[in-house]
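# Observations on the three-dimensional arrangement
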Amino acid sequence: MSPTPPLFSLPEARTRFTKSTREALNNKNIKPLLNTFSQLPGSENEKKCTLDQAFRGVLEEEIINHSSCENVLAIISLAIGGVTEGICTASTPFVLLGDVLDCLPLDQCDTIFTFVEKNVATWKSNTFYSAGKNYLLRMCNDLLRRLSKSQNTVFCGRIQLFLARLFPLSEKSGLNLQSQFNLENVTVFNTNEQESTLGQKHTEDREEGMDVEEGEMGDDEAPTTCSIPIDYNLYRKFWSLQDYFRNPVQCYEKISWKTFLKYSEEVLAVFKSYKLDDTQASRKKMEELKAGGEHVYFAKFLTSEKLMDLQLSDSNFRRHILLQYLILFQYLKGQVKFKSSNYVLTDEQSLWIEDTTKSVYQLLSENPPDGERFSKMVEHILNTEENWNSWKNEGCPSFVKERTSDTKPTRVARKRTAPEDFLGKGPNKKILMGNEELTRLWNLCPDNMEACKSETREYMPTLEEFFEEAIEQADPENMVENEYKAVNNSNYGWRALRLLARRSPHFFQPTNQQFKSLPEYLENMVIKLAKELPPPSEEIKTGEDEDEEDNDALLKENESPDVRRDKPVTGEQIEVFANKLGEQWKILAPYLEMKDSEIRQIECDSEDMKMRAKQLLVAWQDQEGVHATPENLMNALNKSGLSDLAESLTNDNETNS
C-alpha cells in the first residue's frame, strides 16, 4: 500500500505563510512565499485562501503598530506579486487597500492613494481589472464620503480623475444615465427681510466716512463704492435663481417658470446696465497673475449681503452665473432619454430661451478679460456636450470595435474582367456598364464616334437662326424702340461676338468706322447680315434638295417589314399600342425588365390604365434606347403570354408601312 499524503492543516499553513511573508518583506523578494506555497500539502485553492488571510494578518499588525506607509505599501506590493505568480487570489491587493484606507487618517490616505494612482496600468491589466474594479470603485466612493468638497477639493478631483482613467468611457457605472441632479446642493441665503442689513449699509458708510480727514488716504487706497444699486429685493431674487439651477425640472411648472422668468429678466438687466470696465477691473488681476498669483477656487457661493456688491463687480463671478444659465437652457431644450414626457416647452418658452441665450453669449463676450474668446470657447464646449447627450440616449454603445478573429483578413485577389465578359452581353447584346443609368446612357449610341458626329450634339446655331430676331428688329417698318432691341442685351451681345468670330468673315475685316458701344457695333453687323442672308420667306428649294426628298420616299417604300421592325418605336406607335395594352400593362412590365419599384411608381403616378400603359412603354423606351424596337416589344409580348397583342402590333406596323 502506498503511504497516504499528508493532510492540509490551516493553522500550520497560516503560521508558515505569516513567517514567509515577514521574511519576504525583509528580503524584498517573493521567493520565500513561492517556496512555502510549493512545499505545503493541500489543494491550490486552500493554499491561496490561507495566504490571503496571512497577508491581512500581517497588515493588521503593521497598522496596530502604527508603521510607516512604506511598510504598508510593501505588503500590498508583495500581494500584487503573489497574484502575478498565481499563489493568491486576484482580489487580495484590493482588499488590503480597502483595509488600509479604512483605518488610516486622511493625511496618510493621500500617500496611499498616490500609490494607487501610479499603478493604474496594473489595475487595468487583464489579471486585475475584472476582479478589482468593483473594489476600487467602492474604495473611491468611501474616500469621497470622508472628504470635504470645500476643504479637500484637490484630493476629490484626483479621485475623480483616477476613476476616469481606470474605467472606459462606456462604463455605465460612472455615467449619470438618468440625468439626475444633485438636489443636496442647496444655496443658503438670508430669506428674512427684517434681518437684512442692505438698507443700513450706505448710511453707516457715510457716517464712517465723516471721521476720515482729507489727505489721510492715498489715491491707490481710495475706497471704491459699488455703482450697482443693491437692495434686499435684488439680493433675494439673485440667490433664489440658484434653486432653479440646482433643479431645472421646476422650469416646466407654470408658476415656477413665471417666477424664474421674472427674476432672470431683472438680474440680466442689472448685468446689461452695469458692465465691467476692462481697464480698472482687470489691471490688478493681470498684475497679480504676472507676479505668480494663483486662482482661488471656492466650491460653494458666499451669500453674505456684504459681499453682494463685490460679487457683482467680479468678472469671474459673473461668468459663473452666465454659464449656469447656458447649462440650464441646454437641458431644457435638449432631448434626454429619461426625461418625462410632460417636460415639454411651449413655443413662447422656447422663443424666450433662444433670445436669452443670445443675450447671455453677448454678455459673456463683453465681460473682461478676453470675453470674446471665453464666449466662443463656452459655445464650443456646449456644442460638444450635445454629442455626449446623443451617445447616452443611444444606450452608450462601445467605442471599441473588436475584430472577429485575430488573424488579418485575407484579401481575395480580384480577377480582372476581360472585355468579352461585359461587352455585348444581355438582351440585344447590350453593353453593361455596371450601373443601370450608365448602361442606359451608353447604349443610346454604343459607337462613340457616331455619337460625337450626331447632329444633336451641334449646339452652335447658324447666323440666320441667331440673328433672325435682331434683323427683324432692325427693320424700320417694324418700329421697335432701341431699348427693346436684342442687341442692347449684354448677354446677347457676348454670345453674338462669339458666333461672329466663328462664322462671319465680317468680324475680322478692318474698318475705319469707330463704334462707341457694343450695341452700336452689333447694329452695324446686323445691317450687313440682313443684306447677305435671304429672308425666311425667300428660301427656295434647289433641285438637289427635291431629288434627295424623292430618293428618301422611294427608299421608304422599298423597305422590307424586317428592316422597319429593327427601327426604334415612334411616339405615335407607343400611343396607339398603349390604348390596346390597357389593363394588361402590369403583366408585360416584368418582361420589359422593369423593377418592382418602377412598377409601384407608375401605379402611384396615375389611376388611368391607358396612361399607366403609356408610362410603361415610355420608360422601356428610355431604358433600351436604340434597342427599343417593335421586334423586341413583340418578343416580350409573346413571352408574357400576350400573343394576340403581338399579332395586333405586327398588323399595325404593316398597315402603317
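Predicted model only: the values in this text are computed from it and were never measured.

Attention now goes to the environment of asparagine 141. Topologically, asparagine 141 is positioned in helix H8 (residues 129–146). Overall, the relative accessible area of 30% leaves asparagine 141 in the partly exposed class. Considered as a pair, asparagine 141 and isoleucine 159 are 18 residues apart in the sequence and their alpha carbons are 8.8 Å apart.

Residues Leu169, Trp388, Phe399 and Val400 make up a contiguous nonpolar surface patch of about 420 Å² in total accessible area. Residue placement: leucine 169 occurs in the loop between helix H9 (153–166) and helix H10 (198–210). Since its relative accessible area comes to 52%, leucine 169 is described here as exposed.

By the definition in use, this model includes 14 salt bridges. Two residues, glutamate 44 and lysine 48, come together in a salt bridge whose shortest N-O distance is 3.7 Å. Note that glutamate 44 and lysine 48 are positioned in helix H3 (residues 44–64) at a spacing of four residues, about one turn of the helix. In this structure, the salt-bridge partner of glutamate 117 is arginine 158, at a minimum N-O distance of 2.7 Å.

At a minimum axis separation of 9 Å, helix H5 (residues 92–103) and helix H6 (residues 106–118) run at an interaxial angle of 160°. Between H5 and H6, the crossing angle belongs to the class labelled roughly antiparallel. Read as a crossing pair, H5 and H6 show a hand that is left-handed. For the pair H5 and H6, contact is made by Leu97, Val100 and Leu101 and by Cys109, Ile112 and Val116, respectively. When its residues are assigned to classes, the contact of H5 with H6 shows six nonpolar, no polar and no charged.

Another point: unusual backbone geometry. Following proline 368, the chain continues to proline 369 via a peptide bond in cis, the omega torsion being -10°. Within the secondary structure layout, proline 369 lies in the loop between helix H16 (347–366) and helix H17 (371–393). Of note, the phi angle at histidine 66 is positive, near 55°, even though the residue is not glycine. Within the secondary structure, histidine 66 is located in the loop between H3 and helix H4 (69–85). Of note, the phi angle at aspartate 370 is positive, near 55°, even though the residue is not glycine. For aspartate 370, the location among the structural elements is in the loop between H16 and H17. Among the residues examined, aspartate 370 registers a relative accessible area of 51% and is labelled exposed.

Let us look at the nonpolar core. Of all hydrophobic cores here, the largest spans 52 residues; its most connected members are Leu33, Phe55, Ile76, Ile112, Trp123, Ile159 and Phe162. For this core, the leading source of residues is H4, giving nine residues. The residues contacting tryptophan 123, other than those within four sequence positions of it, are Ile80, Phe94, Leu97, Phe115, Val116, Phe128, Tyr129, Leu136, Phe162 and Leu166. Formed by 43 residues, the second largest nonpolar core is a distinct cluster that contains Phe189, Tyr263, Leu345 and Tyr361.

We now examine helix H26 (residues 571–581). Residue pairs spaced three or four apart in an α-helix point in one direction, given the helix's 3.6 residues per turn. Of all the positions in H26, only Ile574, Phe577, Ala578 and Leu581 are classed as buried. With its buried residues spanning 110° around the axis, H26 presents them on a single face. In the segment just after H26, glycine 582 is the residue with positive phi, at about 50°.

For the protein, per-residue confidence averages 80 on the pLDDT scale, and residues scoring 70 or more make up 81% of the total. Of all secondary-structure elements in the protein, the lowest mean pLDDT belongs to helix H24 (residues 543–558), at 50, while H16 reaches the highest, 94. Low confidence marks residues 537–544, where pLDDT is under 50. Its contacts with residues over four positions away, or in another chain, come to two contacts. Low pLDDT (under 50) marks residues 554–559, which in the prediction has three contacts with non-local residues, meaning those over four places away or in another chain.

This structure, assessed with the given rule, holds 29 aromatic pairs. Each ring, one from phenylalanine 94 and one from tyrosine 135, has its centre 6.5 Å from the other, and the planes form 15°; the classification is stacked. A residue pair is termed long-range when its members are at least 10 positions apart, and phenylalanine 94 in helix H5 and tyrosine 135 in helix H8 qualify at 41 residues. Relative accessible area serves as the criterion here: at 32%, tyrosine 135 is assigned to the partly exposed category.

What counts and what doesn't
- Residues numbered from 1 in each chain as written.
- Predicted model: local features only at pLDDT ≥ 70, side-chain atom pairs only at ≥ 80, totals over all residues.
- Heavy atoms only, no water.
- Helix = DSSP H or I, 4+ residues; strand = E, 2+ residues; numbered from the N terminus.
- Buried < 20%, exposed > 50% of the residue type's maximum accessible area, 1.4 Å probe, protein only.
- Patch = residues over 30% accessible without salt bridge, like charges linked within 9 Å, V, L, I, M, F, W, Y side chains within 5 Å.
- Areas by Shrake-Rupley, 256 points an atom, 1.4 Å probe, with all protein chains shown as cover.
- Salt bridge = Lys/Arg side-chain N within 4 Å of Asp/Glu carboxyl O.
- Axes fitted to C-alpha atoms, helices over the stretch in contact; angles between N-to-C directions.
- Parallel < 35°, antiparallel > 145°, perpendicular 65-115°, else oblique.
- Left-handed = near helix turned anticlockwise from the far one by under 90°.
- Contact = heavy atoms within 4.5 Å.
- Nonpolar A, V, L, I, M, F, W, Y, C, P; charged D, E, K, R; others polar.
- Core = buried A, V, L, I, M, F, W, Y, C linked by side-chain atoms within 4.5 Å.
- Arc of directions from axis to C-beta.
- pLDDT = per-residue confidence, 0-100.
- Phe/Tyr/Trp six-rings, centres within 6.5 Å; stacked < 30°, edge-to-face > 60°.

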